[in-house]
Amino acid sequence: MRQSRREFLATGGALVVSFTLAPLPALAQEGGHAAPTGPKLPGSLTRNPMLDAWIRIDANGAITVFTGKVELGQGVKTALQQVAAEELVVPFERITMVTADTERTPNEGITSGSNSMKDSGTAILNAAAQVRAILVDEAARRLGVPAAQLTARDGAVHASGRSITYGDLVAGGNLHVNAAAESKLLDPSRRVVMGRALARLDIPAKVTGGVAYVHDLRLDGMVHARTVRPAGPGARLRSLDAGAVERMPGVIKIVRDGNYVAVVAAREFQAIRAARALGDRTAWEPAALPQDASIHAHLLGLPARDSVILDRGSPDAGTFAATYRRPYQLHGAIGPSCAVAQMRDGKLTVWTHSQGVYPLRDALAEMVRMPREKVHCVHMEGSGCYGHNGADDVAADAALCALALPGRPVRVQWTREEEHAWEPFGPAMESRVRASLEASGRIGSWRYDVWSNTHSTRPGKAGNLLPAMLLATPFIPEPPRAIPQPEGGGDRNAIPLYVIPNARVVSHFIASSPLRTSALRSLGAYLNVFAIESSMDELAAAARADPVEFRLRHLEDQRAIAVVKAAAERFGWTSFERRRGHGRGFAFARYKNLAAYCAIAMEARVDPETGDVRIGRVAAAVDSGEAVNPDGIRNQIEGGIVQSISWTLFEAVTWEPQRITSRDWARYPIARFSHVPESVDVHVISHPGSPFLGTGEASQGPAAAAVANAVADAIGGRIRDIPLTPGRVHAAAGASAAA
Amino acid sequence: MIELRVNGRVHRVDADPQTPLLYVLRDDLGLNAAKFGCGLGQCGACTVMADGEAIYSCITPVSAIGTRAIRTVEGLGTVDAPGPVQRAFMEHQAAQCGYCIPGMMMRAQALLERDPGASAAQIRQALQPNLCRCGTHMRILKAVARAAELMGRGGKT
C-alpha cells in the first residue's frame, strides 16, 4: 500500500521540505541558477531531487507528471508530456501533466530564459528513466528474472509470457527516493513519442470557448475589482472623494491604502464604471520624468558599473564605428493581466498567470504579512507573456482586495491603459561598436560597449510588486541587479560568437532607472544581436564580401555554420535579385551563446516616398538540440520573428514629463496583418540525444537585424535606431539617394 | 430584462442596458470565448457576429443589439464536433497563447459566410482589425484559407 503524494504533503515534515521550501536563489530569475551543493543532478532534479516530486504512478496505473514550469502557449506542457511518455514507455495519452502549483509541483523558479526544456525537460527525461529502471528492478525481484531480460512497454514490465503493470510495481514508497546523477536513458535513435509534431494539449479549449485562462475562472460568489492607478510613475495621492462612488450600483468596497486605490463591485461592468468615476475624483501630486526625446543621453549620464566580459588580444581604436539604440518597449499582451484571489479560513489562494508561482507566493506572503505556508498560488494560463508583465502585480491587486473581503473570491483584470502604462517595460539601451578589418578581409579588432538598466525586477520580494510599492507603508523595490554572464542581462549576447583575434566587450550596468523595467523576451540580446549583426553587414560591405560568406569566414562552430547555410539556402540567398526598394537581409545568433542557434534571411520592400516597410519571404533555420516537438519549435521561431518585426518597425513607449502617453494600441501601434511577412519558413535541425537548447527567445535578435539589413539593402542607407519608423526610413532613403 | 439571441438560443438577462455585450456574454451567459482586450475597439479580441456581421462586443452596449442574432465561438462547434473554422485552427495549430484567436475565428467566419471564395489577400485584409501579439499570423492566415476549403466542401455551418 503506497502513500499518495497528497498524503505525503499532509504529513508535512522533511519529505515536503525537500521540494516545496527550497529557497529561490535570487538570480534564478532569468536563468543563472545558483550552484547547488552535492552531486550534480540533471536539470531541475538538482533543486528537486525526489523522483516522486516529478512522477506519480497510482495503483490503477494512472500516471501524473509534475512540472514547476508553466504553459504560456509555447507548448511546453505538450513537449514535457512527450518526454515523459518516451522514457516511461507509455502512450502519450496515458499521462496527465500538472503544471506550476505551490502545493503540488516542484519549485522550478521562473519559467523564463528559454530554460524550460533544459531545466524541466531534462529533469523529467531522467526522472522517467530512473522510475522505469526502479519498476523494472522491482519486476525482476518479483518474477525472479534478471532485469536485463525484462522490457518496459505500455505501462507494464514484460517477461516472456508474464507481465506486471506499473501500478502494481509501485509499492512501499519505492519512487520516493532521491534521483541519481546517472540514468539509463533509452536509445535516442529509436524515439517513438519525442521528435513528433504532436498536436498541442492546450489548443482545443482555446478554440472552442473552454476555460482556458485565469480570465475564464468563475468561482461561486465571485466579485470584480478594478484599480485606480496614480496619474503617472511616482505620483502621490493628494485627495480622493469616494462618497459618491460608494453609492454607485453594485459597489461593495473601496480599498485604499496610501497611494493604492481599488474598487470592488458585484458585477464586472459596475467595477469598471466605479473605477472610472473614482479616477475622476482623485487628485495626484505628479513626479517628474526625464525627457523622452533625450532618454539615451540621460541614461548614459547616470552612474554605471562596468564589467569587462571579454578581453582578448589588443583591440585597436577601430576604423568602423557605430551606435545602436532601442527604446523602452512593451510586452503588450492582447489580454490585460488578470488574477483571482480568495481569503478563506486563514488561507489566501491566488490563481495567477505569473511565470513563477513560488517566487510570487513568497512576495505575496511578505506583502500581506502571512506565513508562506498560508499562501497558495496556482498557475492558470494568461494572455501572451513575453516576459515579466503585469501578471505578478495583478495577483497582488487580487490579494489586497481579497484580504479586504474575506471569504469572497475577487477577480481583478487590468484595463488596456493600465497594462500599457504600468507593466514593467523592456529597458531602453544603447551600444557602440568599434571595429577594423585586416587586409585579409577578416575582422581583426572588435570593441563593444553596451549600456543598460536591469532586465530583471521580478518578485520574490514584495517590493517588486507594483501594488506593494503604493501602500501607505510601502515595500521598497530590491536594489536592481545585473544578471551575470554567461547568460547575462543587458549584456546577453554582447559577446559575438564570431572568431575575432582582438576583442573587448564591456557591459555598463546602470542601476538607477527612470522607468520601471524588467525582462522582455530575449532581454539585452535583442539590441546586442541587432548591433552585432548590423555591424557584420556594414563590415562585410567594407570588405566587399557577401554578408553570408562574411559571417561564415568568422565561424568555427559547426552547428552555427549549419544553420547559417541552411537559412541562406532555403531563402535562395545567392539567386536573389536585388532591385531598388527591394532588399535582402541576413542575421545569425546563438541565444545566450549557449542555447538555440538561429539564422534568418528575409526580404523587405520599402516605399521610399512613405518609408513604409513590408516584409516578404522569411527563411529561418534553428538548431535547438534534440527537437522534442518540431512544430512547437517552428511556432516559437515564427512567432519570435513576427513579434520582433513588430518591435523593430513600430514600437516605442512614449511619455510626457509626468505620465506615460503610449497608453493604447493607437498610441503604441504594433504590426497588423498588413505588415507581417508574406511567408515564414522555419527549418528545424534536430540532434536526437543531445541536450535540449532553449528556443523561445532565439529568433528575436536575429529577426531585428535581418529587418535592418534588408532595409539597408533596399534603400542603400543604414538605420541604427529602433524602431525603423517610416520617418527614419524615409530620411535614410533620402540621404542615401542624395549621396 | 433584456432579451438576447445567442448561438440559437434566447436568453433573458438582467443587466444595465449600457453594459457592453462582452460582459453579458462572459459573466451572465458564462461564454468564455469572446475576450476583453482593450475596451476600445482597437484589437478585435472581443469580436463576435451579429446577424452575420463581425462586431466589437466590448464597445457595443447590450441594449443596441436588439433582435440581431449573436454568434460566438461556442456557436461554431465543440471539441468533439468542431466547425470548419475550429477544425482548421486545430489542424494548423494556429495559436500560441491563443487569447486573440476566438476574435480571429469570428472575423474569419463572418468573412467566409459572406465570401466563401475569399482570396489569400482578401483574408489578410479582412483580419486587419484584429491584433495578435504572439506572432501567430502566418498560421492564422493558413487556417482561415483551410477553413474556406472546408466550408467549400459543404462543411458550412
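Note that the structure is a prediction, hence the values are computed from the model and not measured. Residue numbering note: each chain is counted from 1, following its sequence as written. Following the order in which they are written, the chains are lettered starting with A and the ligands numbered starting with 1. Predicted model: local features are reported for residues with pLDDT of at least 70 only, side-chain atom pairs are reported and counted for 80 or more only, and whole-chain, interface and lining totals are derived from all residues.

1. Regarding the overall build of chain B
Okay, so step 1: The number of helices and strands found in chain B is five helices and five strands.
Okay, so step 2: Runs of E in the DSSP output that reach at least two residues are strands. Runs of H or I that reach at least four are helices, and both are numbered from the N terminus. Going from N to C terminus, chain B has its helices and strands arranged as β-β-α-β-β-β-α-α-α-α.
Okay, so step 3: The globule rule used here is 2.2 Å times the number of residues to the 0.38 power, and the radius of gyration it is set against is calculated over C-alpha atoms. Against the globule reference of 15 Å for 157 residues, chain B gives a C-alpha radius of gyration of 15 Å, in line with a compact fold.
Okay, so step 4: With C-beta atoms placed from the backbone, the exposure class of a residue follows from how many other C-beta atoms lie within 10 Å of its own: 20 or more, buried; 12 or fewer, exposed; in between, partly exposed. Here chain B holds 157 residues, and the buried ones make up 57% of them.
Okay, so step 5: By the convention adopted here, residues make contact when the C-beta atoms placed from their backbones lie within 7 Å. A separation threshold of at least 6 residues defines the contact pool for chain B, and within that pool the share at least 24 residues apart is 60%.

2. As for the overall build of chain A
Okay, so step 1: The helix and strand inventory of chain A stands at 19 helices and 24 strands.
Okay, so step 2: Its C-alpha atoms give chain A a radius of gyration of 27 Å, within 12% of the compact-globule value 27 Å for 739 residues.
Okay, so step 3: Viewed in the frame of its principal axes, chain A has a C-alpha envelope of about 85 × 75 × 45 Å.
Okay, so step 4: The buried share of chain A, reckoned over its 739 residues, is 57%.

3. Structural notes on the packing of helix α14 (residues 525-542) of chain A against helix α18 (residues 700-715) of chain A
Relative orientation and spacing of two packed helices are given, respectively, by the angle between their axes and the distance between those axes.
All names here are of chain A.
Okay, so step 1: Simply put, an axis is a line fit to the C-alpha atoms, just over the touching stretch for a helix, and the angle between two N-to-C directions goes from 0 to 180 degrees. The interhelical angle for the contact between α14 and α18, taken along N-to-C directions, is 35 degrees, at an axis separation of 7 Å. Note that α14 runs across α18; the crossing there is right-handed. The residues of α18 that touch α14, namely those facing Ala525, Tyr526, Asn528, Val529, Phe530, Glu533, Ser534 and Asp537, are Gln700, Gly701, Pro702, Ala704, Ala705, Ala708, Asn709 and Ala712.
Okay, so step 2: Here the contact of α14 with α18 is composed, by residue class, of nine nonpolar, five polar and two charged. Each crossing is labelled by how the near helix is turned from the far one, with a counterclockwise turn of less than a right angle marking it left-handed and a clockwise turn marking it right-handed. Only Asp, Glu, Lys and Arg are considered charged, only Ala, Val, Leu, Ile, Met, Phe, Trp, Tyr, Cys and Pro nonpolar, and every remaining residue, Gly among them, polar.

4. Digging into the interface of chain A and chain B
Okay, so step 1: With 50 residues of chain A in contact, the opposing surface of chain B contributes 49 residues.
Okay, so step 2: Looking at the side of chain A that touches chain B, the elements that each hand over two or more residues are α6 (203-206), α8 (268-280), α17 (630-650) and β24 (679-685) of chain A.

5. A few points about the domain arrangement of chain A
All names here are of chain A.
Okay, so step 1: Boundaries of every domain are those given by an automatic assignment or by a domain database. Taken domain by domain, chain A comprises domain 1 (5-206), domain 2 (214-287 + 331-422) and domain 3 (523-738).
Okay, so step 2: When each unit is reduced to the centre of its C-alpha atoms, the spacing between domain 2 and domain 3 is 38 Å.
Okay, so step 3: The interface of domain 2 with domain 3 comprises eight residues on the first partner and eight residues on the second.
Okay, so step 4: Along the lines of polarity and charge, the residues of the side of domain 2 that touches domain 3 split into three nonpolar, three polar and two charged.

6. Considering the sheet that holds strand β2 (residues 9-13) of chain B
All names here are of chain B.
Okay, so step 1: The pairing criterion for strands is at least two bridges between them, as found by DSSP. Pairing in this open sheet of five strands is mixed, and the strands run β2-β1-β5-β3-β4 from one edge to the other. In the strand order of this sheet, the two ends are held by β2 and β4 (53-56), each with one partner. Strand-to-strand twist across the sheet, computed as the mean angle between neighbouring axes with direction ignored, equals 40 degrees.
Okay, so step 2: Relative to strand β5 (residues 69-71), strand β1 (residues 2-6) runs parallel, the two being bridged by two bridges. Bridge pairing in β5 links Arg5 to Ala69.
Okay, so step 3: Sitting on the sheet, helix α3 (residues 101-114) touches β3 (47-50) and β4, and the angle it makes with β3 is about 30 degrees.

7. Comments concerning the pairing of β1 of chain B
All names here are of chain B.
Okay, so step 1: Looking at chain direction, β1 and β2 are connected through five bridges and run antiparallel. Residue pairing across strands places Glu3 opposite Arg12, the latter belonging to β2.
Okay, so step 2: Following β1, the chain reverses through two residues before pairing antiparallel with β2; Asn7 in that reversal takes a positive phi of roughly 50 degrees.

8. Observations concerning unusual backbone geometry
Residue and element names in this part refer to chain A.
Okay, so step 1: In this structure, Pro486 follows Gln485 across a cis peptide bond, with omega equal to 15 degrees.
Okay, so step 2: Structurally, the position occupied by Pro486 is in the loop between α13 (466-470) and β20 (502-510).
Okay, so step 3: The omega angle of the peptide bond from Ile722 to Pro723 is 0 degrees, so this bond is cis rather than trans.
Okay, so step 4: Phi is positive for Asp154, which is not a glycine, with a value near 55 degrees.
Okay, so step 5: Among the secondary structure elements, Asp154 is positioned in the loop between β4 (151-153) and β5 (156-159).
Okay, so step 6: Asp154 sits in the partly exposed class, given 13 other C-beta atoms within 10 Å.
Okay, so step 7: The backbone phi angle of Arg544 is positive, close to 55 degrees, even though this residue is not glycine.
Okay, so step 8: Judged by the 8 C-beta atoms lying within 10 Å of it, Arg544 falls in the exposed class.

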